[in-house]
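# Structural description and commentary
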Amino acid sequence: MKFNTRTALTLSALAPLASALLPIIEQQQQQQPLLSNPETSNTVTENDIPSYRVPLLSLHRTLVNTPSISGTEGQVALDLKKLLIDLDFTVQLQRVPPAARIHDDDNDDDNDDDDESPQYRYNVLAWPGRHATPTFHNRTLITSHIDVVPPFLPYAINGSPVPPSEPLDFTSLSSDTLISGRGSVDAKGSVAAQITATKELLENGELDPASVVLLYVVGEEISGDGMKFFSSFLANQTTSSSLSNTPPRLHAAIFGEPTTNLLACGHKGIASALLTATGKAGHSGYPWLGRSATALLVRALDRLLQADLGSSERYGNTTVNVGVVQGGVAANVIAKEAWARMAVRIAVGGRKSGRGILEGEMKRVVREVLEEEGVGKGKEDDGGLELVVGHGYGPVECECDVEGFGTMVANYGTDVPNLEGEHTNYLYGPGTILVAHGDNEGLTIQDLEEAVEGYKRLIKHAVGA
Ligand SMILES: *[C@@H]1O[C@H](CO)[C@@H](O)[C@H](O)[C@H]1NC(C)=O
Ligand SMILES: *[C@@H]1O[C@H](CO)[C@@H](O)[C@H](O)[C@H]1NC(C)=O
Ligand SMILES: *[C@@H]1O[C@H](CO)[C@@H](O)[C@H](O)[C@H]1NC(C)=O
């Protein structure tokens, strides 16, 4: 789950918004047990324990134990590479530029040394088989992200931290045991469950090894730069088998994010917006001699918050979060300047058209306010309002008509729009977004094991087996 798809550079300016952008699951949250449900917990019997429990939980534990806050994903990528090789995958690391410098022309990451090192950042690509052909054409991409939000939180069982060196007997734990730690839900739970499900299907002969490829990306929580890099890389490939030089087309993509093991029908879009008000400074005792930028800004913000900026049956209302407001220099001076930063969750239009529709709606509201206030008609220093809607995307649709899955709609952003192409998208994973970035990030063993079963069914459906 991430907040925004803007570049890292512009995002750093938006950083203060982060805490205000608490994502919410629209449906089902009432019915979903948040972490565990004591009423359904069973005493452990051998039948309850799937054969993959130990490898699943060990993999999950290794991933959670390795800190990987966005920008510093090197070590976890190297760990994951080793784990995937041990599971008989052919693995490629894809070096991604440093997080803050993606669009910096003076990028000094021109170090040519090819040695793999935890100081770099890598997307991890894996193909089933030790000597697999690393192709993409018509494959189903099984993907999630390996970066996490700060701060690091240690791996814990039922609230008690367990140091990496301490042995753990997973078979002695009941299925409602809570596993917590940073990334345990978002999204290392998905990573571990996807790998386990793929491995299970391959071992049982239920999946053609040439039909899938795994991808674990960096930077999802900041700018999506890992997935954008992969998408650009893919677009630059040409398939040797095809006559024309067209890039490989994926068959489908399964994105792992916490959806409480429900299949997401899509998620709202997002755009950032900056509203700047200008006025004329003066003595606060004589307001008619100046023009208050703060007063103008407050009125315009109120209107934007009240306005109908569009709604749809699937995604509900477009919502505005005014995350940061600043303006003025002193209480007894008429403010000459004021501005507000907003994050808008877009419920209308398509992935490409949604941002433009929102911009039109917001500009209409701002124009109305200007007219009512009689601003901008007189002298130049009369003041005004300027709205800039930043990068963004409209609602992102995912395929959710798959037998046997409950469905939901998410209000948070994902990497789905960062992967260009005509493939079918699916969004599914264990755990709930409601704890994902909190101090209490965690899920139960049952959540993880259900996700393995869910991914098995979803992968088979996606590849058309
Ligand atoms: C893909 O090609 C474009 C144009 O040559 C280049 O700017 C971009 O860096 C390439 N992307 C990757 C991931 O190599
Ligand atoms: C959506 O906005 C309308 C007013 O524009 C309001 O009546 C309705 O309750 C809102 N829906 C939700 C789910 O908040
Ligand atoms: C792509 O793969 C699917 C099964 O995963 C198959 O049904 C379809 O025919 C393939 N298409 C092409 C163009 O190879």
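Below, the structure is looked at part by part. (Residues numbered from 1 in each chain as written. Chains lettered and ligands numbered in written order. Predicted model: local features only at pLDDT ≥ 70, side-chain atom pairs only at ≥ 80, totals over all residues. Heavy atoms only, no water.)

## A closer look at the pattern of salt bridges
This structure, assessed with the given rule, holds 18 salt bridges. The shortest N-O distance in the salt bridge between Lys82 and Asp86 comes to 3.9 Å. Within this pair, Lys82 and its partner Asp86 are both found in helix H3 (residues 74-86), separated by 4 residues, close to a single helical turn. Across this residue pair, the class does not change: Lys82 and Asp86 are exposed. In this structure, the salt-bridge partner of Arg182 is Glu441, at a minimum N-O distance of 2.7 Å. Here Arg182 is found in the loop between strand S6 (178-180) and helix H4 (188-203), whereas its partner Glu441 is found in the loop between helix H8 (433-436) and strand S19 (442-444), with 259 residues between them in sequence. The same class applies to Arg182 as to Glu441, namely buried. Three or more residues are tied together by salt bridges with common partners; here these are Arg303, Glu361, Arg364, Glu368 and Glu372. (Salt bridge = Lys/Arg side-chain N within 4 Å of Asp/Glu carboxyl O. Helix = DSSP H or I, 4+ residues; strand = E, 2+ residues; numbered from the N terminus. Buried < 20%, exposed > 50% of the residue type's maximum accessible area, 1.4 Å probe, protein only.)

## Regarding the environment of Pro247
Looking at the element boundaries, Pro247 is found in the loop between helix H5 (225-236) and strand S8 (252-256). Residue classification places Pro247 among the partly exposed residues on the basis of a relative accessible area of 38%. Considering only alpha carbons, one finds Pro247 and Gln237, 10 residues apart in sequence, at a separation of 5.2 Å. Each residue touching Pro247, except ones within four places of it in the same chain, is listed here: Leu234, Ala235 and Gln237. (Contact = heavy atoms within 4.5 Å.)

## Points about the sheet that holds strand S10 (residues 269-278)
Taken together, the 4 strands give an open sheet; going across it, the order is S13-S14-S10-S15, and neighbouring strands pair in antiparallel fashion. Single-partner strands in this sheet number two, and they are strand S13 (319-327) and strand S15 (384-393). With strand direction ignored, the average angle separating the axes of adjacent strands in the sheet is 15°. In this structure, S13 lies alongside strand S14 (residues 337-346), joined through 8 bridges in antiparallel fashion. When the sheet's bridge partners are listed, Val320 is paired in S14 with Val344. (Pairing = 2+ DSSP bridges. Axes fitted to C-alpha atoms, helices over the stretch in contact; angles between N-to-C directions.)

## As for the side chain of Arg182
Judged by relative accessible area, which is 1%, Arg182 ranks as buried. Ignoring anything within four residues of it in the chain, the contact list for Arg182 reads Val64, Val148, Val149, Pro150, Pro151, Phe152, Leu153, Ala436, His437, Gly438 and Glu441.

## Digging into the site of ligand 1
The immediate surroundings of ligand 1 are formed by Phe229, Ser232, Phe233 and Asn236. One of the side-chain N or O atoms of Ser232 is found 2.6 Å from a nitrogen atom in ligand 1. A per-class count over the shell around ligand 1 returns 2 nonpolar, 2 polar and no charged. (Near = heavy atom within 4 Å. Polar contact = N/O pair within 3.5 Å; in protein donor to acceptor, adjacent residues only side chain to side chain. Nonpolar A, V, L, I, M, F, W, Y, C, P; charged D, E, K, R; others polar.)

## Some details on the nonpolar core
Residues Leu80, Leu84, Val124, Tyr216 and Ile459 are the most contacted members of the largest nonpolar core, which totals 63 residues. Leave out the neighbours within four places in its chain, and Tyr216 touches Leu80, Tyr122, Asn123, Val124, Ile142, Thr143, Ser144, Ile146, Val191, Gln194 and Ile195. In this structure, Ala277, Val348, Leu358 and Met362 belong to the second largest nonpolar core, which totals 29 residues. (Core = buried A, V, L, I, M, F, W, Y, C linked by side-chain atoms within 4.5 Å.)

## Considering empty space enclosed by the protein
Remark: the empty space left among the atoms is shown by a probe the size of a water molecule rolled over them. For the structure on display, the rule yields 1 cavity of 30 Å³ or more. Considering the residues around the largest cavity, the lining is formed by Thr143, Ser144, His145, Val217, Glu220, Met227, Phe255, Gly256, Glu257 and Asp415. For the lining of the largest cavity, the secondary structure elements donating two or more residues are strand S3 (140-145) and S8. Top element by residues in the lining of the largest cavity is S3. It accounts for 3 residues. Within the lining of the largest cavity, the residues separate by chemical class into 3 nonpolar, 4 polar and 3 charged. (1 Å grid on protein atoms, 1.4 Å probe; cavity = no way out; pocket = protein on both sides within 12 Å on 5 of 7 lines; lining within 4 Å. Points joined across faces, edges and corners; volume = space filled by probe spheres on them.)

## Digging into the pairing of S8
Extensive coverage of S8 is indicated by the burial of 5 of its 5 residues. Burial along S8 is two-sided: the residues Ala252, Ile254 and Gly256 and Ala253 and Phe255 are all buried. For S3 and S8, the ladder comprises 4 bridges, and the chain directions are parallel. By the bridge assignment for S8, Thr143 is matched with Phe255. Sheet topology note: the S8/strand S18 (residues 424-428) ladder contains 5 bridges and is parallel. Bridge pairing in S18 links Ile254 to Tyr426.

## Looking at unusual backbone geometry
Cis geometry is adopted by the peptide bond preceding Pro151, which originates at Pro150 and carries an omega value of -5°. Of the consecutive residues Asp186 and Ala187, the connecting peptide bond is found in the cis state with omega at 5°. Within the secondary structure layout, Ala187 lies in the loop between S6 and H4. Even without a glycine there, the phi angle at Asp88 is positive, about 80°. Within the secondary structure, Asp88 is located in the loop between H3 and strand S1 (89-96). With relative accessibility at 35%, the residue Asp88 sits in the partly exposed group. With phi around 60°, Asn138 is a residue other than glycine that occupies positive phi space. By the secondary structure assignment, Asn138 is in the loop between strand S2 (121-128) and S3.

## A few points about the packing of aromatic side chains
Overall, the coordinates contain 7 aromatic pairs when judged by the stated rule. Aromatic side chains Tyr286 and Trp288 sit 5.7 Å apart centroid to centroid with 80° between the ring planes, which places their arrangement in the edge-to-face category. Classification of Tyr286 by relative accessible area gives partly exposed; the value is 43%. On the accessibility criterion, Trp288 (64% relative accessible area) is exposed. Cation over ring: Arg457 sits above Phe405, and NZ or CZ is 4.4 Å from the ring centre. (Phe/Tyr/Trp six-rings, centres within 6.5 Å; stacked < 30°, edge-to-face > 60°. Lys NZ or Arg CZ within 6 Å of the ring centre and 35° of its normal.)

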